[in-house]
Structures are given as C-alpha cells and as structure tokens.
Amino acid sequence: MKFFLLMIGFSISTALYAQEISSHYKIYDVKKQKNISVDDIISDMATADVLFFGEDHNDSIGHYLEAEIFKKLSTAYPRKTALSMEMFHTDVQPEVDEYLAGLISEKNFIKEGRAWGNYKDYKPLVEYARANSIKVIAANAATRYSNAVTMGGLKALENFPKTSFNFLPPTPIDTAQGRYYEKFTETLGGHSMGSMKIYQTQNLWDATMAWSINKFVKANKGIKVLQLNGRFHSDEKLGTLAKLAQANPRLKILNISSFSDKSFASPDWEKFRNLGDYVIITDPLVKRSY
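An account of the accompanying structure is given in this report. Predicted, not measured: the structure shown is a model, and the values here were computed from it.

## Here we look at the pattern of salt bridges
So, step 1. Across all of its chains, the model carries 15 salt bridges by this definition.
So, step 2. The residue Arg231 makes a salt bridge to Asp56 at a minimum N-O spacing of 3.2 Å. Of this pair, Arg231 sits in the loop between strand S6 (224-230) and helix H10 (239-247) while Asp56 is found in the loop between strand S3 (50-55) and helix H3 (60-76), placing the two residues 175 residues apart along the sequence.
So, step 3. Here Arg231 falls in the partly exposed class, since its relative accessible area comes to 23%.
So, step 4. Between Lys123 and Glu106 there is a salt bridge; the shortest N-O distance is 3.1 Å. With Lys123 in helix H6 (residues 123-131) and Glu106 in helix H5 (residues 106-112), this residue pair connects regions lying 17 residues apart in the sequence.
So, step 5. Assessed through its relative accessible area of 32%, Lys123 is described here as partly exposed.
So, step 6. Using a relative accessible area of 27% as the deciding quantity, one classes Glu106 as partly exposed.
So, step 7. Within the structure, one salt-bridge network assembled from shared partners comprises Arg179, Lys183, Glu186 and Glu236.

As structure tokens, this is what we get:
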C-alpha cells in the first residue's frame with residue numbers, strides 16, 4: 001500500500017511538473033502557421049521516418065521536451081522507435097549497447113562511453129531507452145578524427161587504416177557550399193584557411209551522423225528515428241539533415257529547431273519560419289542547464 005501511494009504521489013508530481021513546464025515553451029507548426037502541442041508532432045510522425053530535434057545544448061526546457069517527445073514517440077509507435085545522438089561517438093556503440101542491455105555499470109558507461117559533461121541532461125532519454133529495450137545510435141565522429149580534420153583538412157582521413165572506417169562514413173566527404181557555408185562563416189566571423197578546416201570538421205560530423213542514421217534505418221525497416229543534435233546541424237534543413245536526405249532521398253524527414261529567445265512572450269514566428277517544420281521557443285528566464 002505504501003509503495004502504491006508513493007507511485008500515486010510520483011504520478012501527480014510528474015503531471016504537475018509537466019503542467020508547470022508547459023508555460024515555458026511554445027511550439028509553432030510552420031506549414032500550418034499555428035501553435036501546436038507535442039502530440040501534434042507525434043501524429044505527424046505517422047508518415048515520417050526521421051525527426052531531427054535541433055537543440056541549444058544548455059537549454060533545460062529543450063532537454064525536457066526531447067525526453068517528452070521520445071517517450072510519446074515510442075508509446076505511439078511501440079517497437080518502431082530508435083534514438084540517435086550527436087552526444088555519443090560511433091566507436092563507443094558497443095559501450096552504449098552494453099549499458100542498455102544491463103551488462104555494464106553506469107559509471108563504466110559514462111567513462112568508457114566518453115559521455116558529454118552535461119550527460120545528466122540526456123540521462124532521462126538513455127534510461128528510458130534502457131528500460132524499454134529501445135536502440136540508441138551513437139552517431140557522431142570521434143574526437144580523434146575531427147581533430148585530424150581540423151589540423152589537416154578532410155584529406156587527413158586518407159591516411160587512416162581501413163579499420164577506422166568501421167566508425168567513419170565513406171570518403172570523399174562532400175563539403176557543402178552555399179547557404180550552409182555562409183552561415184558557418186558568419187558564425188566564425190569571416191573566411192580564412194583555419195576556418196575552412198574547421199568547416200570541413202563540421203562536414204565530417206554531419207556526414208558521420210547522416211551515415212549512422214542511414215545505416216540504421218536501412219538495417220531496421222519501418223523504424224522511426226529521433227535524432228538529437230545541436231541545431232546548427234539541422235536548421236534550415238541543412239547540415240546533417242541535408243546529407244541524410246541526399247544519401248537516402250526516400251526518407252521522409254521532419255525537423256525541429258528549439259532555442260530560447262527574448263521574444264518568448266510574443267514571438268514573431270515569421271522571423272523563424274525558415275528554420276524547420278516546427279519551431280520551439282523556450283523561456284529565456286528559465287535557468288539554463290550549465
């Protein structure tokens with residue numbers, strides 16, 4: 001009886017927390033030009049294969065919504081959902097799988113899986129996957145590869161042995177030009193040889209994540225994938241999203257751009273409509289994750 005009462009208390013407190021959080025974010029459907037709920041996104045996924053959640057890495061409300069979407073997606077499409085994460089590298093897929101199977105400790109998983117410093121923000125998603133036997137894709141390129149590209153450009157990958165390409169996409173890796181490059185140079189504050197090598201590193205991350213997702217969906221027909229990444233990787237359907245669409249044009253891909261903004265009280269949605277299928281604005285007054 002005591003356990004039952006505790007569970008009731010937990011359910012009530014969770015519901016109250018969700019109700020409180022709901023006042024600190026707004027979701028806009030760009031195509032329908034109206035505010036919507038998380039459930040509307042889940043419904044739209046009935047005809048889609050991959051949902052990108054482009055986050056600000058330190059946005060606590062965004063992290064809450066990622067977990068909420070993941071839970072609702074897996075509930076709506078049981079045994080047909082997977083999670084893909086920029087936050088883990090392809091070469092630690094065994095550690096991810098071992099932890100999800102309950103074979104190694106969380107301490108070993110965090111250390112040997114090289115979890116990000118703010119892993120606590122992603123832990124609810126990983127634990128939900130673990131409790132519900134849901135696959136998690138370690139999608140990104142390991143730091144040793146990105147460092148090599150930053151130092152020597154994408155040509156540096158030609159020097160790596162064939163075994164390294166168990167964790168890397170096929171070469172050559174296309175360096176996207178046009179709008180994506182313009183956005184990148186605007187962010188870095190101009191053009192230079194150094195910034196071009198960093199841009200090639202960005203393209204390596206994009207290519208690796210797109211390759212990881214595509215490889216998974218090809219091996220797991222009918223699976224819906226929630227991809228988590230920094231929003232630069234998928235805003236305006238560029239970056240990782242563009243590379244995935246190029247690799248597999250048959251995939252139906254939707255994307256979310258989520259960020260805090262000072263216009264939260266009265267957002268000008270038209271200003272953000274080019275960012276994706278859905279735009280989520282979170283309350284900047286809520287404490288950031290770190």
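Structure shown, so let's carry the discussion forward.
## As for the packing of H3 against H6
So, step 1. Packing of H3 against H6 brings their axes to within 9 Å, and their N-to-C directions diverge by 20 degrees. One finds that H3 runs roughly parallel with respect to H6. At the point where H3 passes H6, the crossing takes the right-handed sense. Residues Glu66, Ala67, Phe70, Lys71, Ser74 and Thr75 of H3 lie in contact with H6, whose contacting residues are Pro124, Leu125, Tyr128 and Ala129.

## A look at the environment of Asn220
So, step 1. Inspection of the secondary structure puts Asn220 in the loop between helix H9 (193-219) and S6.
So, step 2. A residue is classified by how much of its surface remains accessible, and Asn220, at 26% relative accessible area, is partly exposed.
So, step 3. In this structure, the C-alpha to C-alpha distance between Asn220 and Thr81, residues 139 residues apart in sequence, is 10.0 Å.

## A word on the pairing of S3
So, step 1. Extensive coverage of S3 is indicated by the burial of 6 of its 6 residues.
So, step 2. Neither face of S3 is open: one carries Val50, Phe52 and Gly54, the other Leu51, Phe53 and Glu55, and all of them are buried.
So, step 3. Note: S3 against S6, 6 bridges, orientation parallel. Paired with Leu51 across the strands is Leu226, a residue of S6.
So, step 4. Alignment of S3 against strand S7 (residues 253-260), held across 5 bridges, turns out to be parallel. Among the inter-strand pairings, Phe53 is bridged to a residue of S7, identified as Ile256.

## A closer look at the pairing of S6
So, step 1. Of all 7 residues making up S6, 7 are buried, and the element is well covered by its neighbours.
So, step 2. Taken together, the 5 bridges between strand S4 (residues 81-89) and S6 define a ladder with parallel strand orientation. By the bridge assignment for S6, Thr81 is matched with Lys224.

Calculation rules
Residues numbered from 1 in each chain as written. Predicted model: local features only at pLDDT ≥ 70, side-chain atom pairs only at ≥ 80, totals over all residues. Heavy atoms only, no water. Salt bridge = Lys/Arg side-chain N within 4 Å of Asp/Glu carboxyl O. Helix = DSSP H or I, 4+ residues; strand = E, 2+ residues; numbered from the N terminus. Buried < 20%, exposed > 50% of the residue type's maximum accessible area, 1.4 Å probe, protein only. Axes fitted to C-alpha atoms, helices over the stretch in contact; angles between N-to-C directions. Parallel < 35°, antiparallel > 145°, perpendicular 65-115°, else oblique. Left-handed = near helix turned anticlockwise from the far one by under 90°. Contact = heavy atoms within 4.5 Å. Pairing = 2+ DSSP bridges.

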